[in-house]
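Next come the chains, spelled out residue by residue.
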Amino acid sequence: MSHVGVSHGRAKRRSVALLATGVLALPVLAGCGGSNDHGGNATATAPDMATAARQLVADGGTLHWAVDTMPVTLNTFQADADASTARIAGAVLPALFTLDSSGRPQRNADYLESADVIKTEPKQVVRYRINQKAVWSNGREIGAPDFVAQWRALSGKDSGYWTARNAGYDRIEKIEKGKDDLEVEVTFDKPYADWRSLFSPLYPKEVTGTPASFNEGARKKLAATAGPFTIKSTDRDAGEVTLVRNPHWWGDRAKLDSLVLDAVSTGERTTALTAGRLDVAEVDVPVARRIALAAKDGNGLQPLAHGPGSDVKPADAIISWAVAHGADGPKAAAAASKAREQTQQARKDYAEQQKALSGYTLRKSLEPAYTQLAMNGSSGPLADQRVRRAVARALDRQEIANEVLKPLGLPAKPPGSHLALAGQRDYKDNSGAVGGHDTAKALALLADAGWTAEGARETTEKSKAGSKADSEKAKKAEKSAKEKVDKEKAGGEKADKAAKSPADDSKAGSASGDQKHQVAGAYAPMGTQAPAAAAAAPAVVGKKGKPLSLRFVLPTGPGSEQLNAVGAQITQMLDAVGIRTEVIKVDGAAYFKDHIASGDYDLGLYSWPATAYPATDARPIYAKPGVASDGSLLVDQNYTRVGTDRIDQLLDRAAGELDQGTARDLVEQADARIWAAAGSIPLYQRPELVAVKPAVANAGAFGFATPRYQDIGFLKSAKKS
């Protein structure tokens, strides 16, 4: 439903030639965190669902769960695997390790009796002890042949396999059967800290055994499964994937008879909910607000105070009546009458929808993903680290997080790490490496990079300088800006800010010369105290007569409202330090591929999912771009094109460090340098909003936690609507 910039498979790492640029000099970086919060101190937001013991959940029933699209493949290791692929894999395939509510990996006892590192010298050896009851749906035992086939398919040594990732599998030297068929021993050619990330999901050898079965065979069907559910059918015309109980499942029996995944786009989700077609559906903020309002609307006997026509004032009604009775002629009367009828019908339809939406409960948590401002550092002004850091210092991340999360009743602390989120083992707030919101520091960084108010007024001998009046006006604006900065440094604005709510801030208009970003004012009722005069924004900064202007590309379409609202906030914050933004709205369907991934942007907003294995999964996201033979950049998933040799070295060392404490320190050092490089600035952890029928148990806003599909069902105490 949203712009998350990675498929749900972990990305392949590939070797590239490194750009010959200097290593970032950060003499005090290791100690400059935004706070001392480690994973053990910062807590994760808990999942939100109707948790019920299995004995309280009825046996049987069919649950309809919305997904964004039909899966184009059932192979999670392929490049076009998506969230639907991952959802199906979670219900029908083995996951040797799952995540708890704090995003920490836990051994899955349904498949493993044990899994341990039994040797580190001369080489690392991991021994897996498989649950003796574990079998594939074809009756064959899960064992070493499945591990071997998956390793060979994903090792990267056979180019016949079309894989999107091979991280970790490329470190394996050999896989052997242990003392019996239930033991599997994996020997690594070089140490691998994130070994728990491997073989989840585990596919049967019938899928991974040959390139043909891996590349094509697993796109539409699976030769065997080994989860609480198995795949019954995939109906692309109806947009449904139906999962049913796996009769060969040895664990707790699935409560549901069937689980139907319905492909419902963001734009169609309200219609599907009001029709009662869905039991569980992730929703965007506008729909979540409607569900929250529906819960407060009562019995529906009173007219709704929201929705179409709810803002019509009595005076408007009188004017409409006058027009309808001939004040402006018969045509105007007919038009007004038709408009009233349309409004009445819209209000009726809206009221019926609200009544239907009152049949859902809104479950909310923080999704294991964060939204960031990305800066394309490959060329232009943002190729200069000082300009990127100036943009970062211009941002009030707390204000942005407040605006997104507080109205939803969710914690609004901005993420302090690129590599982990609050509650995870590797989390530490390292944002101090770039610094917090500080207009004066932002202006100083811009000036150091040569972008100043004077630079915006510079002209060549052949160019005519602006009029004297314009020059005087620019000087006055610059003087006013300096006074504002001085006032901020002295703390003189604290009283003003305390008297103004975040909601008021979001409505403030831009004072820059870019008319695209100006916000029209509004009239206040008589007697309302006049607002204090806003301080003038700094003069536009520039260099050699060219203003500093950045292309801010944002998506349009269903589900993009939140990103656009955040974009408007960022635009105002950049205006305040003299940076102009040219906001470009593009089709949401093409936003990521055609603009972010291709590098056709200066500023952009998108999200990255959190991971329990940052040394492995973050490596392709922050790896320093290499150069292809044709001179183009090899960026992997580093869409900001910003990286350093030192970041790569720290993540590589962390991936090979078996001591967890040392590995955590290396990850924290890498994150501090990622902050300092300022290619991307995490803004807020994304809200997870899920509409759930009250009868549904053990499903909702999962947060970090891996769903236990066998426990999902309908409460015995509630009748399914």
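Up top you'll find the structure we're talking about.
Treat the numbers as computed from the prediction; the structure is a model and nothing was measured.

Trainee: Whenever I open this one, the overall build of the protein confuses me. Can you help?
Mentor: Each helix and strand counted, the protein has 21 helices and 24 strands in total. A buried classification covers 49% of the 721 residues belonging to the protein. Summarising the internal contacts of the protein: among those between residues at least 6 apart in sequence, 74% fall at separations of at least 24. Summed over its atoms, the accessible surface of the protein is roughly 33,100 Å², and 51% of this surface lies on carbon and sulfur atoms.

Trainee: Help me out: how do you make sense of the pattern of salt bridges in this one?
Mentor: When the charged atoms of two side chains with opposite charge come close together, those side chains can pair. This model, assessed by the stated rule, comprises 29 salt bridges. In this structure, the salt-bridge partner of Arg140 is Glu206, at a minimum N-O distance of 3.0 Å. Of this pair, Arg140 sits in the loop between strand 6 (125-130) and helix 2 (144-154) while Glu206 sits in helix 3 (residues 205-208), and the two are 66 residues apart along the sequence. Taken together, the salt bridges that share partners define one network made up of Glu113, Arg127, Arg129, Asp180, Glu183 and Glu185.

Trainee: Looking at this structure, I do not really get the sheet that holds strand 5 (residues 112-119). What am I missing?
Mentor: By definition, the strands of a sheet pair up through backbone hydrogen bonds, in either a parallel or an antiparallel sense. With respect to topology, four strands assemble into an open sheet ordered 5-6-8-7, the strand pairing being antiparallel. On the outer flanks of this sheet lie strand 5 and strand 7 (172-177), each paired with one strand and no other. Each neighbouring strand pair of the sheet contributes to a mean axis angle of 15 degrees, computed without reference to strand direction. Of the strand pairs in this sheet, strand 7 and strand 8 (residues 183-188) are connected by five bridges, and their pairing is antiparallel. Within strand 8, the position partnered with Ile175 by the bridge is Val186.

Trainee: For this particular structure, what's the right way to read the packing of helix 20 (residues 645-655) against helix 21 (residues 660-677)?
Mentor: In helix packing, the relevant descriptors are the interaxial angle and the interaxial distance, both defined with respect to the helix axes. Between helix 20 and helix 21, the shortest axis-to-axis distance is 8 Å and the interhelical angle comes to 160 degrees. What the angle tells us is that helix 20 and helix 21 run roughly antiparallel. Here the hand of the crossing between helix 20 and helix 21 comes out left-handed. Facing helix 20, whose interface residues are Arg646, Ile647, Leu650, Leu651, Arg653 and Ala654, helix 21 presents Ala663, Leu666, Val667, Gln669, Ala670, Arg673 and Ile674. Tallied by class, the residues present in the contact of helix 20 with helix 21 amount to nine nonpolar, one polar and three charged.

Trainee: What should I look at first to understand the packing of aromatic side chains in this one?
Mentor: Two numbers describe a pair of aromatic rings. These are the distance of the centres and the angle of the planes. A full pass over the atoms with the stated rule returns 20 aromatic pairs. One aromatic cluster is present, built from ring pairs that chain together Phe77, Phe97, Tyr128, Phe147, Tyr169, Trp195, Phe199 and Tyr203.

Trainee: Help me understand helix 4 (residues 211-220) in this model?
Mentor: Because an α-helix completes one turn every 3.6 residues, residues spaced three or four positions apart along the sequence face the same direction. Of all the residues in helix 4, the buried ones are Ser213, Phe214, Asn215, Ala218 and Arg219. Elements that come into contact with the buried residues of helix 4 comprise helix 2 and helix 3.

Trainee: I would appreciate a short explanation of the packing of helix 10 (residues 397-405) against helix 16 (residues 561-575) in the present structure.
Mentor: Where helix 10 contacts helix 16, the axes come no closer than 11 Å and their chain directions differ by 155 degrees. One finds that helix 10 runs roughly antiparallel with respect to helix 16. As helix 10 runs across helix 16, the sense of the crossing is right-handed. Contact residues: helix 10 offers Glu399, Ile400, Glu403 and Val404, while helix 16 offers Gln562, Val566, Gln569, Ile570 and Met573. Of the residues in the contact of helix 10 with helix 16, the class split is five nonpolar, two polar and two charged.

What counts and how
- Residue numbers here run from 1 along each chain, matching the order of that chain's written sequence.
- Selection of residues for local features in this predicted model requires a pLDDT of at least 70, selection of side-chain atom pairs for listing and counting requires 80 or more, and totals for whole chains, interfaces and linings are taken over all residues.
- Working from all heavy atoms in the structure, the side-chain values ignore hydrogens and water.
- Put simply, DSSP marks the helices as runs of H or I at least four residues long and the strands as runs of E at least two long, and each gets a number from the N terminus on.
- Remark: exposure states derive from per-residue accessible area (1.4 Å probe, protein chains only) relative to the maximum for the residue type, with buried under 20%, exposed over 50%, and partly exposed in between.
- Residues count as neighbours in contact if any of their non-hydrogen atoms are within 4.5 Å of one another.
- Accessible areas in this description were obtained via Shrake-Rupley with a 1.4 Å probe; residue shielding takes into account the shown protein chains only.
- The rule for a salt bridge is simple: a side-chain nitrogen of Lys or Arg has to be within 4 Å of a carboxyl oxygen of Asp or Glu.
- Two strands are said to pair when DSSP picks up at least two bridges between them.
- To get an axis, fit a line to the C-alpha atoms, keeping to the stretch in contact for a helix; angles then go from 0 to 180 degrees between the N-to-C directions.
- The cut-offs work like this: below 35 degrees is roughly parallel, past 145 is roughly antiparallel, 65 to 115 is roughly perpendicular, and the gaps in between are oblique.
- Crossing handedness follows the turn of the near helix against the far one: under a right angle anticlockwise gives a left-handed crossing, and clockwise gives a right-handed one.
- Side-chain classes are defined by residue name, with Ala, Val, Leu, Ile, Met, Phe, Trp, Tyr, Cys and Pro counting as nonpolar, Asp, Glu, Lys and Arg as charged, and the others, Gly among them, as polar.
- The criterion for an aromatic pair is that two Phe, Tyr or Trp rings (for Trp, the six-membered ring) have centres within 6.5 Å, with stacked assigned to planes under 30 degrees apart, edge-to-face to planes over 60 apart and tilted to the rest.

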